[in-house]
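Architecture and fold: a report
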Amino acid sequence: MVRAKVIGVGLAVLLLTATALAQKPGWPKELVIAEVPVESAADYASRYAPFLDYLKGRLGIPVRLFLGTDYTAVMLAQAQGQVHVAFYGPASYVDAIEKAKAPIEAFVKEDSIRSGLFYYSLMISKKGSGIRTLQDARGKDFAFVDPESTSGYKVPMAYFCLEAKIRPREYFSRVFFAGTHENVILGVARGTIPVGVTWDTGISIAQAKGQIRGLEEFEVLWKSDPIPSSPWAYRKDLPQDLKDALRKAFLEFKDTPQGAEWLKARGLKGFAPASDRDYDPFRKINDALKRPECQL
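Quick notes on the rules
Residues numbered from 1 in each chain as written. Predicted model: local features only at pLDDT ≥ 70, side-chain atom pairs only at ≥ 80, totals over all residues. Heavy atoms only, no water. Pairing = 2+ DSSP bridges. Helix = DSSP H or I, 4+ residues; strand = E, 2+ residues; numbered from the N terminus. Axes fitted to C-alpha atoms, helices over the stretch in contact; angles between N-to-C directions. Contact = heavy atoms within 4.5 Å. Buried < 20%, exposed > 50% of the residue type's maximum accessible area, 1.4 Å probe, protein only. Arc of directions from axis to C-beta. Core = buried A, V, L, I, M, F, W, Y, C linked by side-chain atoms within 4.5 Å. pLDDT = per-residue confidence, 0-100. Phe/Tyr/Trp six-rings, centres within 6.5 Å; stacked < 30°, edge-to-face > 60°. Lys NZ or Arg CZ within 6 Å of the ring centre and 35° of its normal.

The strand order across the open sheet formed by five strands is β8-β7-β9-β6-β10, and the pairing between neighbours is mixed. Where the open sheet ends on each side, the last strands, each with one partner, are β8 (174-177) and β10 (218-223). Strand-to-strand twist across the sheet, computed as the mean angle between neighbouring axes with direction ignored, equals 30°. Strand direction decides the pairing type here: strand β7 (residues 141-144) and strand β9 (residues 195-199), joined by two bridges, are parallel. By the bridge assignment, A143 is partnered in β9 with G196. Sitting on the sheet, helix α5 (residues 150-164) touches β6 (121-126), β7, β8, β9 and β10, and the angle it makes with β7 is about 120°.

This is the structure in structure tokens:
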């Protein structure tokens, strides 16, 4: 009986010790991550499950996905501390800092199968629609993604203003925001959206999901210069050991079987180190889009 009590006490001490080790100073009881909307909300929970499970195993704490209704919702949620880690486009990352006053810092960025540490904004129409050039698109309906989207608004808007000298609402019959890249891609593929802008990685994601055959379904009316790949950013006030653990986990995800599969479906080889200064060019784009002549 005494021996049983001793064993029981020993097990209790071991359990308490393990619990104490798991509860690292300053770490949240649950890590919340988010992504600016790329696909329909219904896809996110199932698509992110392998990544959430991986992070939970690496960090030793529960990891939950926050689903924001739009880019601004994600920016504000991270600014207010409801989200610890978030995926942004380059321009929305800068806006999260400058507009939402989010105390965040980029720590990794995407490494694309198609184009490495860069990606592209594409203006697309459905092949066979007769819209093959920007001139052909005049007087047609036109879809952006979101006012905070890099490839789905800011980069093409800068092109319209600074190079093409076009005011979209004067040039097209109707200009609207579709909400997600997926909405633009599928709308153009199905013929419900005559012309729209998106990112090339979004084409890869839609193809991997079996939604489209690939880029061959579209006419590319315009392609941007290379855009530095999109960052993941964590709040600066997270403990340094948690930030180090996050960076290491993201960078090593590609070396796991589930990671390689998850990344490929997203059109990625993996993640690469990133820093805040990688996105300085988008501070200049933001400044340009404040000009009166660069409004819709």
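Moving on from the coordinates now.
What follows is about helix α10 (residues 257-265). Buried within α10 we find G259, W262 and L263. Buried residues of α10, seen end-on, are gathered within an arc of 95° and therefore sit on one face of the element. For α10, the exposed residues lying more than 90 degrees away from the buried face are P257, E261 and K264. Positive phi appears at G267, one or two residues downstream of α10, with a value of about 80°.

Ranked by size, the top nonpolar core spans 99 residues in total, and within it I33, F51, Y88, F160, W232, L246 and F250 carry the most contacts. Beyond its immediate chain neighbours, meaning those up to four positions away, L246 contacts L31, L59, V85, F107, Y234 and L238.

Here we take up the confidence of the model for the protein chain. Of the residues in the protein chain, 91% have a pLDDT of 70 or more, and the chain-wide mean is 90. Here residues 1-21 is modelled with pLDDT under 50, and outside its nearest four sequence neighbours on either side it reaches zero contacts, counting other chains as well.

As a further point, take the packing of aromatic side chains. Aromatic ring pairs are defined here through the distance separating the ring centres and the angle between the ring planes. According to the stated counting rule, one finds 27 aromatic pairs in the structure shown. When the centroid spacing of 5.7 Å and the interplanar angle of 85° are considered together, the rings of Y119 and W199 count as edge-to-face. Of this pair, Y119 sits in strand β5 (residues 118-119) while W199 sits in strand β9, placing them 80 residues apart in sequence. Each member of the pair, Y119 as well as W199, carries the same accessibility label: buried. Aromatic rings pair up to connect Y48, F51, Y54, F87, F107, W232, Y234, F250, F253, W262 and F271 into one cluster. Above the ring of F176, the side-chain terminus of R174 is found at 4.3 Å from the ring centroid. The ring of Y120 carries K223 above its face, with NZ or CZ at 4.3 Å from the centroid.

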